[in-house]
Amino acid sequence: MLLTHSHTLLASPPCDAFLRLLNGRPVGEQKELLNKWNEMGTDEPDLSLFRPVYAPKDFLEVLINLRNPNYENGDSLSFRTHLGLIQVPLKVKDIPELKEFFVELGLTTGQLGIDDSTQVPPELFENEHVRIGQKVLAEQDSAAAQQYIRQGSPTALRAELWALILNISSQPEDILYYEQLKTNVIQHDLLVDSLIYKDVKLTASNDDYYFVFEDYLYQVLLCFSRDTSVLGHFAYNSASPPKSYIRGKLGLEEYAVFYPPNGVIPFHGFSMYVAPLCFLYHEPSKLYQIFREMYVRFFFRLHSISSHPSGIVSLCLLFETLLQTYLPQLFYHLREIGAQPLRISFKWMVRAFSGYLATDQLLLLWDRILGYNSLEILAVLAAAVFAFRAVNLMEVTSLAAAEAVLADLSTLKVMPLLQIFLFATVT
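The rules behind each value
- The residue count restarts for each chain, going from 1 along the sequence in the order it is written.
- Only residues with pLDDT of at least 70 get local features here, since the model is predicted, and only at 80 or more are side-chain atom pairs given and counted; chain-wide, interface and lining totals rely on the full set of residues.
- Neither water nor hydrogens contribute to the side-chain values; these are computed over all heavy atoms in the structure.
- Note on conventions: DSSP H or I runs of at least 4 residues are helices, E runs of at least 2 residues are strands, and numbering of each starts at the N terminus.
- Only protein chains enter the accessibility calculation, which uses a 1.4 Å probe; a residue is then buried when its area is under 20% of its type maximum, exposed when over 50%, and partly exposed in between.
- In what follows, residue pairs with any heavy atoms lying within 4.5 Å of each other are defined as contacts.
- Per-residue accessibility takes into account occlusion by the displayed protein chains alone, with areas from the Shrake-Rupley method and a 1.4 Å probe.
- A helix's residues, less one, multiplied by 1.5 Å, set its expected span.
- Angular values range over 0 to 180 degrees, each being the angle between N-to-C directions of two axes fitted as lines to C-alpha atoms, with helices fitted over their stretch in contact.
- An angle below 35 degrees is read as roughly parallel, one above 145 as roughly antiparallel, one from 65 to 115 as roughly perpendicular, and any other as oblique.
- By definition, any crossing whose near helix is turned counterclockwise from its far helix by less than a right angle is left-handed, and any crossing with a clockwise turn is right-handed.
- Gly falls in the polar group here, along with every residue not listed as nonpolar (Ala, Val, Leu, Ile, Met, Phe, Trp, Tyr, Cys, Pro) or charged (Asp, Glu, Lys, Arg).
- Counted charges follow a simple rule, with Lys and Arg positive, Asp and Glu negative, and His plus the chain ends left uncounted.
- Whenever Lys or Arg places a side-chain nitrogen within 4 Å of a carboxyl oxygen from Asp or Glu, that contact is recorded as a salt bridge.
- In protein, a polar contact means a hydrogen-donor-capable atom and an acceptor-capable atom, both N or O and within 3.5 Å, with residues adjacent in sequence counting only if both atoms are side-chain atoms; elsewhere, any N or O pair within 3.5 Å suffices.
- Known as pLDDT, the predictor's per-residue confidence is scaled from 0 to 100.
- Within 6.5 Å between ring centres, the rings of Phe, Tyr and Trp (the latter by its six-membered ring) count as paired, and their orientation is classed by plane angle as stacked under 30 degrees, edge-to-face over 60, tilted in between.
- Any Lys NZ or Arg CZ that is within 6 Å of a ring centre and within 35 degrees of that ring's normal is treated as a charge sitting over the ring.

An unreviewed UniProt entry lists the protein under the name TBC1 domain family member 19 isoform X3, with Vulpes vulpes given as the organism.

(A) Structural detail: the overall build of the protein. Assigned secondary structure in the protein consists of 18 helices and 4 strands. Within the span of the protein, comprising 427 residues, buried residues form 52% of the whole. Contacts in the protein between residues far apart in sequence, at least 24 positions, make up 76% of those at least 6 positions apart. Just so you have it, the protein exposes about 18700 Å², and 53% of that area is on carbon and sulfur atoms.

(B) A look at helix α14 (residues 359-372). Taking 1.5 Å per residue, 14 residues should reach 20 Å; α14 reaches 20 Å between its end C-alpha atoms and fits that length. A large share of α14 lies buried, amounting to 13 of its 14 residues.

(C) Region of the structure containing the packing of helix α6 (residues 158-165) against α14. Viewed as axis vectors pointing N to C, α6 and α14 meet at an angle of 25°, and their least axial separation amounts to 11 Å. The orientation of α6 with respect to α14, classified from their angle, is roughly parallel. The handedness of the crossing between α6 and α14 is left-handed. Residue-level inspection shows Arg 158, Trp 162 and Ile 165 of α6 in contact with α14, the latter providing Leu 363, Leu 364, Trp 366, Asp 367 and Leu 370. For the contact of α6 with α14, a count of residues per class yields 6 nonpolar, no polar and 2 charged.

(D) Fine view of the side chain of Asp 207. Along the chain, Asp 207 falls in the loop between α8 (191-202) and α9 (214-225). One buried charged residue, Asp 207, forms no salt bridge at all, with the nearest opposite charge on Arg 351 at 5.6 Å. One polar contact links the side chain of Asp 207 to the main-chain amide nitrogen of Tyr 209, over a distance of 2.8 Å. Beyond its immediate stretch of four places on either side in the chain, Asp 207 contacts Met 272 and Gly 355.

(E) Highlighting the confidence of the model for the protein. Of the residues in the protein, 89% reach a pLDDT of 70 or more, and the chain-wide mean stands at 87. Contacts for the low-pLDDT stretch residues 1-20, under 50 throughout, to residues beyond four places or in other chains number 47 contacts.

(F) Geometry of the side chain of Thr 359. Examined against the element boundaries, Thr 359 turns out to sit in helix α14. With relative accessibility at 6%, the residue Thr 359 sits in the buried group. In terms of polar contacts, Thr 359 uses its side chain to reach the side chain of Tyr 210, at 3.3 Å. Setting aside residues no more than four positions away along its own chain, Thr 359 makes contact with Tyr 209, Tyr 210 and Phe 279.

(G) How the structure looks around the packing of helix α7 (residues 172-187) against helix α10 (residues 284-297). The contact between α7 and α10 brings their axes to 9 Å, and the two run at 90°. Between α7 and α10, the crossing angle belongs to the class labelled roughly perpendicular. Counting all contacts with α7, which are made through Asp 174, Ile 175, Tyr 177, Tyr 178 and Leu 181, the residues of α10 involved are Pro 284, Ser 285, Tyr 288, Gln 289 and Arg 292. The class makeup of the residues in the contact of α7 with α10 is 6 nonpolar, 2 polar and 2 charged.

(H) Looking closely at the packing of aromatic side chains. Within this structure, the stated rule accounts for 28 aromatic pairs. One aromatic cluster is present, formed by Tyr 54, Phe 59, Phe 224, Phe 267, Phe 270, Tyr 273, Phe 291, Tyr 295, Phe 299, Phe 346 and Trp 366 through successive ring pairs. Here the basic side chain of Lys 93 rests over the ring of Phe 101, its NZ or CZ set 4.7 Å away from the ring centre.

(I) Broad picture of the pattern of salt bridges. In this structure the tally under the stated criterion is 14 salt bridges. Here Arg 25 and Asp 193 are joined by a salt bridge, their closest N and O atoms 3.5 Å apart. Placement of Arg 25 in the loop between β1 (22-24) and α1 (27-35) and of Asp 193 in helix α8 is noted, with a sequence separation of 168 residues between them. Each member of the pair, Arg 25 together with Asp 193, is buried. Among the salt bridges present, the one from Asp 227 reaches Arg 292, with a minimum N-O distance of 2.8 Å.

(J) Spotlight on the environment of Ala 163. Within the element layout of this structure, Ala 163 appears in helix α6. Residue classification places Ala 163 among the buried residues on the basis of a relative accessible area of 5%. Between the alpha carbons of Ala 163 and Ile 290 there is a distance of 6.8 Å; along the sequence they are 127 residues apart. Setting aside residues up to four positions removed in sequence, Ala 163 forms contacts with Ile 168, Tyr 281, Lys 286 and Ile 290.

(K) Region of interest: unusual backbone geometry. The omega torsion across Tyr 259 and Pro 260 is -5°, close enough to zero to call that bond cis. Positive phi values are uncommon outside glycine, yet Phe 353 reaches one of about 70°. Tracing the chain through its elements places Phe 353 in the loop between α13 (341-350) and α14. Phe 353 gets classed as buried once you look at its relative accessible area, which sits at 0%.

(L) Representation of the environment of Leu 406 in the model. Within the secondary structure, Leu 406 sits in the loop between α17 (399-405) and α18 (414-425). Measuring from C-alpha to C-alpha, the distance between Leu 406 and Arg 389 comes to 7.7 Å, with 17 residues separating the pair along the chain.

Right, here's the structure in full:
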């Protein structure tokens with residue numbers, strides 16, 4: 001069997017087991033898995049022969065080497081002075097355009113994440129914002145919910161608001177579909193299951209916020225790997241799903257099958273797309289539906305090569321352009337000492353900051369992703385973090401020292417950083 005994929009990095013197989021793409025589980029093993037479905041975190045499979053297919057740093061190397069043959073030798077005048085790692089001339093927003101796009105984040109607009117702090121009386125903003133949110137939910141208006149959430153979602157309303165925006169409702173057929181996926185997991189063992197186990201063990205299981213959700217992560221990701229409806233997102237994804245050729249019929253399309261069945265090979269950190277959602281949804285089928293919709297709307301763009309404004313290439317370029325244009329002294333200093341800023345911020349963006357910010361701050365950030373239907377805020381926040389730590393970063397003399405300054409983002413407050421960077425610091 002052979003796996004092919006246009007935009008997915010495939011490492012050399014760690015062992016002969018790579019050829020065992022799918023196996024029917026023996027009846028005894030099926031019963032055992034069913035019995036411990038809610039306790040899979042206690043399982044300790046031998047994963048010593050497995051390693052992640054690729055990590056964010058590997059993917060970054062691919063992006064750095066991208067070139068547009070139409071702009072050989074820096075023919076694009078506007079791009080010739082770009083000194084960052086990304087060398088593909090794409091159109092990205094400047095600060096005035098970002099201010100216009102994120103106008104609701106302005107200093108004169110109330111924001112959850114700022115105006116709900118203990119220093120601000122709740123009657124000035126928070127109480128009224130909650131009342132409006134309840135009205136939006138009562139009317140079941142998805143467009144109104146999306147506009148509303150640009151100012152942040154009250155904690156008590158967030159789960160319902162996100163479900164409304166994503167058009168998720170737990171109908172009996174949705175629950176049945178999830179149960180069918182679960183049955184498929186019980187009956188068949190996929191090689192990709194080991195990659196999922198490995199990723200959860202390496203990331204979420206070691207995270208102070210998310211280790212308690214280990215069982216949920218296995219349930220959601222194992223079902224996700226078998227969900228062929230996810231293949232639909234390749235219609236608007238520049239990547240194509242990986243294929244396996246059965247019966248040794250290499251190259252014959254009638255013997256080609258997508259593998260994994262959902263067409264998505266998890267990379268190192270993939271489970272962190274699911275982990276924050278576990279704080280909002282505790283019913284497995286609802287959690288699954290929310291994650292699947294978040295993935296096919298947003299998260300797939302963070303590990304696919306495209307020119308889309310929310311694609312990871314554009315986000316990297318937007319981040320570098322913001323730093324070079326509005327914080328040139330910092331940008332040039334870091335570049336001179338061999339600490340290109342993107343090498344530090346890339347892992348934040350590719351994981352949508354999951355695992356880096358405190359959970360309450362991360363959910364406030366993801367509110368805005370849903371509200372603006374855009375991932376561009378990730379690049380803006382990454383630039384804002386560098387601006388916030390600029391004084392310390394100007395004193396470092398190596399990449400390791402710069403990484404140390406930016407190692408802990410768990411105390412940062414997202415909304416003040418974004419507001420100050422967009423509307424107060426740069427002009």
